[in-house]
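# Notes for the structure review
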Amino acid sequence: MSGGMHSATKSRVFSFLALSLMVRTRFAPSPTGYLHIGGVRTALFNWLFARKHGGQFVLRIDDTDVGREVAPALEAILHGFRWLGLDWDEGPEVNGPFEPYYQSQRSESHKQAVQQLLAAGAAYKDYSKPEEYQAERTAAEQEKRNFRYSRTWAAWTNEDEARFESEGRTAVVRLKMPEEGQIIVDDLIRGRVEFNCATEQDSVVARADGSVLYNLASIVDDHGMQITHVIRSEEHLSNTPRQIFIAQGLGYELPKFAHVPYVAEPSSRNKLSKRKLDKYLKNKEFAKLNDLGQAIAQQISLATSAETFNPVIVDFYEQVGFLADALVNYLLLLGWSLDDHTEDFSRQQMLESFSLERVNKAPASFDPAKLVSFQDRYMQKLPVKQKVALVLPYLQQAELVSSPPPCETSDKLKAIVEAAGERIKIAGDILDYTDFYTADDKLSYDEKAFAKRLTKPDDAVPLLTKFRSILANTLDWSAANLEQTLKDFMEAEGIGFGQIIHALRVATTGKAVGFGMFETLEILGKESTLARIDRALSLATSSIAS
RNA sequence: GGCCCCGUCGUCUAGCCAGGUCUAGGACACGGCCCUUUCAAGGCCGCGACACGGGUUCAAAUCCCGUCGGGGUCACCA
């Protein structure tokens, strides 16, 4: 084919393509103050889908049913999104062409939609009293009939309205669901799902005071914000026919729907909920993670409440020192997979490979142990320098290191982090290794270990005393040389490792377990090492005497 | 109860649409052994699933029907 298109045609074709290819997704959190693991997983899928297709990801705040305290609660949620690196193109703080992004401020368009529905005959004013409606319902239930509202108090004419109002009644607006026909949901994940209109209820879409309900607000706002793909949790699948009915009544072009399965409880198929913490705490792995977090929180004097600080809430992970990338990677694989072996995804790789087709249909349960294993892997990939930076704030909050840190901190901390190696899985784990910061005369000893390694063995005190005097004359305080020194000592004494090293470890760290012994001594330094040995020796001697 | 969705190792999953290469693969967890100054880590080995029953077919995890089980939803919540 030769010759170019006319440039105007070309640009029209281009803009048509751009428009039809444009993808806009949204996540609509309710400002409750914290982000739920399951919610974030859904948000992640929305974000990935939009980014993958070069589209926009919108954050809309569903604040219609909450009280005053929206601002601080919202701030916490936005903070969570920022931490996770899920940036939004439109929404709070950044705004955008479809303002406002708060559902509560869009009531005008909602009310207008209600009027349009009424005018189109897709909805009617219902003057029933709640108890009257409820009575019909109960009667149907008792007779084991499927309930459908009789529309006895529906107003079809102005005269009806006047009559009901003269009785002092007020009206809600209900959907006028057809008696026949089907509503088809063409779901990107679940395929074609059919609903019979006859089994759908005449749902209320607007209250007497004019405020509207979720099903209406949601689809109206989605349309108003030109959302092309509604990716949301499975529990909304049953709401979708109602929303489609509303959309049709309003003459909207339908967005594509994709209902992702919900995130289930650890080892169960039930939906994960922040309400059932007590139950989850009975799960071994969940409890372990929770305890770990609590221990860290305590040491850094973090005020926590069970409501907002537990492994169901995203904040928890940030506060105890998880890497956002690890959490996101884990969440990605909760209900989605690329193939039979790929587990590690950089953001770039996620964007390249994510697709709704490969989202699973069955719910996936949240597995704290697997999350931790992702975190571990991500942590160990980090260079020491970065680990140090991650870990330092925990020492500062625990008041073991001042802020800003003194100059010598960096080398010592680097040595500690290096010696700790893979023992530090999450940043807060550094608090397990704070003995290096404890004053020599304040070091506390693990009683059992002390008895077993120092008090009880007959040769422990004499051997340690002897080795102490050798250490006192050691000039080269490197781990390598210390190891050689100990080996020489062992040879001279004709003893094995086990006879001296445990006593040395307990004396210098107070514990039976820890890093490599020689790295430990090197970090501790000569002065502290000797002081601690002296103290341990005198404690051991006096306890043997008594 | 009506409607709708779902069902592969304890958990996350691959395989299912286009039946054979599946005595069902990987990962996490778990168990054992090795390494080792302790704890981690690492190495090796192991345990472990197609919900059930019919059918179609030379052949079924895969297709069809039924059963069972789990979940969601039926609000003047979102």
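Heads up: the structure comes first, above all this text.
The notes below deal with the structure included here. (Residues numbered from 1 in each chain as written. Chains lettered and ligands numbered in written order. Predicted model: local features only at pLDDT ≥ 70, side-chain atom pairs only at ≥ 80, totals over all residues. Heavy atoms only, no water.)

### Considerations on the layout of surface pockets
The computed volume of the largest pocket comes to approximately 1200 Å³. What lines the largest pocket is a set of 46 residues, among which Ala28, Pro29, Ser30, Asp62 and His236 lie closest to the centre. Those elements that provide at least two residues to the lining of the largest pocket are β1 (24-27), α2 (37-52), α4 (107-119), α7 (214-224) and β9 (229-233). Among the elements that take part in the lining of the largest pocket, α2 stands out by supplying 5 residues, more than any other. (1 Å grid on protein atoms, 1.4 Å probe; cavity = no way out; pocket = protein on both sides within 12 Å on 5 of 7 lines; lining within 4 Å. Points joined across faces, edges and corners; volume = space filled by probe spheres on them. Helix = DSSP H or I, 4+ residues; strand = E, 2+ residues; numbered from the N terminus.)

### Things to note about the packing of aromatic side chains
We describe a pair of aromatic rings using the distance from one ring centre to the other and the angle between the two ring planes. Going through the model one piece at a time under the given rule, you end up with 19 aromatic pairs. An angle of 45° between the planes, with centres 5.1 Å apart, marks the rings of Phe45 and Phe354 as tilted. Pair noted here: Phe45 is in helix α2 and Phe354 is in the loop between α13 (347-353) and β12 (364-365), with a separation of 309 residues, a long-range link. Look at Phe309 and Phe316: their rings are 4.8 Å apart centre to centre, the planes differ by 50°, and that puts the pair in the tilted class. Take Phe309 and Phe316: they sit in the same class, and that class is buried. The ring of Tyr378 carries the charged tip of Lys381 above its face, separated from the ring centre by 4.5 Å. In this structure, Lys412 is placed above the aromatic ring of Tyr437, and the distance from its NZ or CZ to the ring centre is 4.6 Å. (Phe/Tyr/Trp six-rings, centres within 6.5 Å; stacked < 30°, edge-to-face > 60°. Buried < 20%, exposed > 50% of the residue type's maximum accessible area, 1.4 Å probe, protein only. Lys NZ or Arg CZ within 6 Å of the ring centre and 35° of its normal.)

### Quick notes on the environment of Lys425
Within the secondary structure, Lys425 sits in the loop between α16 (409-420) and α17 (447-455). Between the alpha carbons of Lys425 and Asp62 there is a distance of 36 Å; along the sequence they are 363 residues apart. Beyond its immediate chain neighbours, meaning those up to four positions away, Lys425 contacts Gln375, Asp376, Met379 and Gln380. (Contact = heavy atoms within 4.5 Å.)

### Focus: the pattern of salt bridges
For the structure shown, the criterion picks out 36 salt bridges. One salt bridge connects Arg51 with Asp89, and the closest N-O pair in it is separated by 3.0 Å. One end of the pair, Arg51, is in helix α2; the other, Asp89, is in the loop between α3 (70-84) and α4, and 38 residues separate them in sequence. Between Arg163 and Asp160 there is a salt bridge, with the nearest N and O atoms lying 3.2 Å from each other. Of the two residues, Arg163 and Asp160 are both situated in helix α6 (residues 158-166); the distance of 3 residues between them amounts to about one turn of the helix. The exposure class assigned to Asp160 is buried, which follows from its relative accessible area of 14%. (Salt bridge = Lys/Arg side-chain N within 4 Å of Asp/Glu carboxyl O.)

### Concerning the pairing of strand β3 (residues 123-126)
Across 4 bridges, β3 lies against strand β5 (residues 172-175) in antiparallel orientation. Within the sheet, the bridge partner assigned to Lys125 lies in β5 and is Val173. As defined by bridge partners, β3 adjoins strand β4 (residues 154-155) across 2 bridges and the pair is classed as antiparallel. By the bridge assignment for β4, Lys125 is matched with Ala155. (Pairing = 2+ DSSP bridges.)

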